[in-house]
Amino acid sequence: PLNALQLSVYVYGRRESRCQQYRREMAAKGIRCAIKITNDLADIARNCNVIIMCTSSRAPLLRKEHLMHAHASHGLLVNCIGADSAGKQELQESIVSDCADLIVVDSLSQCREFGEIQHAVKHGTLRMEKVMEMGRALSEECVASVRRNKEQDKRVILFDSTGVAVQDVVITKMVYQTLCARKKDSKL
C-alpha cells in the first residue's frame, strides 16, 4: 500500500492555494506521505525520480536547465499527459530533442500531431529512433532488459500520452482482474 512506502511528493502549481488544497485532500484520503509544495521546478527535478506533467499549458513549463544534473544520480521518468491537442506544450523542446534518452508514446500518429513531441517533430529536432510506442516498450524483451539493468539505469525517459480509449479499457480490465484475483471473496 502507498502508506507503507517512504516517499515524498513534490507539488508545483501556479496557485499555491490549489497545492494546499491537494495536500488537504490527500491527507483526508489517508495518504501518509510527505507532500512538499515548491515553486521551483529544478527542486522537483533534483529530488524526484518521476515527474508528472498534467497541465493545459501552451508554453513550456519544465525547461532544460531544470534538469541539469538532476538525473546524474538517478534516472528520471517524465510523464506528459497535458499536451493533448495542437499547440499545447509542457516541456521545452530541447528536453524532448536533447535530454530524453527514450520517448514512449501511447500512439505515435497521435503524439506527432498533438502530443508533447509535436513541436520537435514539426521543427525536425527529434531523432525518431528514440521514440517507441507503448506496446513495444511493454514487450517482454524490453521489460526484461530494464529489469537486468535497473540499478544502472540513469536514463531520462519521457512518456507522451494523448489518450487512447482502447488502451484505457485494456488497462482497466487488467487492473480489475488483478484485484479480483487478490480478493476472490470480496465484491468490487
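Note that the coordinates shown come from a computational prediction; the quantities given were computed from them, not determined experimentally.

A closer look at the overall build of the protein chain
- Within the protein chain, the secondary structure is distributed over 9 helices and 7 strands.
- Taking all 188 residues of the protein chain together, the buried fraction comes to 37%.
- Summarising the internal contacts of the protein chain: among those between residues at least 6 apart in sequence, 77% fall at separations of at least 24.
- Roughly 12000 Å² of accessible area belongs to the protein chain as shown, and the carbon and sulfur atoms make up 53% of that amount.

Focus: the confidence of the model for the protein chain
- Residues at a pLDDT of 70 or more form 89% of the protein chain, whose mean pLDDT is 85.
- At the low end of the mean pLDDT range in the protein chain sits helix α8 (residues 140-149), at 70; at the high end sits helix α6 (residues 118-123), at 96.

Considerations on the nonpolar core
- The biggest cluster of nonpolar side chains holds 26 residues, and the ones touching the most others in it are I51, L62, V78, L91, V96, I103 and L158.
- Secondary-structure elements contributing two or more residues to this core are α2 (41-47), β3 (50-53), β4 (76-80), α4 (93-99), β5 (102-105) and β7 (156-160).
- In terms of nonpolar packing, the next biggest core, distinct from the first, is built from 8 residues, L102, V104, I157 and F159 among them.

Re the side chain of T162
- Relative to the assigned elements, T162 resides in the loop between β7 and α9 (165-182).
- By relative accessible area, which is 13% here, T162 ends up buried.
- In terms of polar contacts, T162 uses its side chain to reach the side chain of Q110, at 2.6 Å.
- Those residues in contact with T162 that lie beyond four places of it in its chain are A83, D84, D106, Q110, C111, F114 and G115.

A short note on the pattern of salt bridges
- Taken as a whole and judged by the stated rule, the model has 6 salt bridges.
- A cluster of three or more residues bridged by salt bridges with shared partners is formed by D40, D43 and R46.

Brief notes about the sheet that holds β5
- As summarised here, the arrangement of the 5 strands in space is β3-β4-β7-β5-β6, forming an open sheet in which the pairing is parallel. Of all the strands in the sheet, the pair left with one neighbour each is β3 and β6 (131-133). The sheet shows a mean angle of 20° between the axes of neighbouring strands, direction not considered.
- In this structure, β3 lies alongside β4, joined through 4 bridges in parallel fashion.

Considering the side chain of H119
- Relative to the elements of secondary structure, H119 occurs in helix α6.
- H119 sits in the buried class, given a relative accessible area of 13%.
- Not counting residues within four places of it along the chain, the set of residues in contact with H119 comprises G87, K88, Q89 and E93.

Section: the environment of S57
- Its place among the elements puts S57 in the loop between β3 and α3 (64-67).
- Considering only alpha carbons, one finds S57 and K88, 31 residues apart in sequence, at a separation of 5.7 Å.
- Other than its neighbours up to four places away in sequence, S57 contacts K88 and Q89.
- At 2.3 Å, the side chain of S57 forms a polar contact with the backbone oxygen of A59.

Remarks on a nonpolar patch on the surface
- There is a patch of nonpolar side chains on the surface, built from V50, I52 and I81 and spanning about 260 Å² of accessible area.
- Topologically, V50 is positioned in strand β3.

Looking at the pairing of strand β1 (residues 8-11)
- One ladder, built from 4 bridges, connects β1 with strand β2 (residues 34-37); its direction is parallel. Bridged to V9 within β2 is I35.
- In this fold, β1 hands off to helix α1 (residues 16-28), which returns the chain to β2; that crossover is right-handed.

Conventions used here
Within each chain, residue numbers correspond to sequence positions counted from 1 in written order. Totals for whole chains, interfaces and linings use all residues, but because this is a predicted model, local features are given only for residues with pLDDT of at least 70 and pairs of side-chain atoms are given and counted only at 80 or more. The side-chain numbers reported here are obtained from all heavy atoms of the structure, hydrogens and water having been left aside. Secondary structure counts use DSSP, requiring at least four H or I residues in a row for a helix and at least two E residues in a row for a strand, with both numbered from the N terminus. For every residue, the accessible area (1.4 Å probe, protein chains only) is compared with the maximum for its type, and the residue is labelled buried under 20%, exposed over 50%, or partly exposed between those bounds. The contact rule is simple, with two residues in contact once any of their heavy atoms fall within 4.5 Å. Only the protein chains shown count as cover for residues, and all accessible areas are computed by the Shrake-Rupley method using a 1.4 Å probe. A score from 0 to 100, pLDDT tells how confident the predictor is in each residue. Residues grouped as a nonpolar core are buried Ala, Val, Leu, Ile, Met, Phe, Trp, Tyr and Cys residues, joined through side-chain atoms within 4.5 Å. In protein, a polar contact means a hydrogen-donor-capable atom and an acceptor-capable atom, both N or O and within 3.5 Å, with residues adjacent in sequence counting only if both atoms are side-chain atoms; elsewhere, any N or O pair within 3.5 Å suffices. Whenever Lys or Arg places a side-chain nitrogen within 4 Å of a carboxyl oxygen from Asp or Glu, that contact is recorded as a salt bridge. The criterion for strand pairing is that DSSP finds at least two bridges linking the strands in question. To obtain each axis, a line is fitted to C-alpha atoms, and for helices this fit is confined to the stretch in contact; angles are then taken between N-to-C directions over 0 to 180 degrees. For patch building, the residue pool is restricted to those with more than 30% relative accessible area and no salt bridge; the joining distance is 9 Å between like charges and 5 Å between nonpolar side chains (Val, Leu, Ile, Met, Phe, Trp, Tyr). A crossover gets the label right-handed when its path from the first strand over the helix to the second runs clockwise, viewed with the strands pointing away from the viewer.

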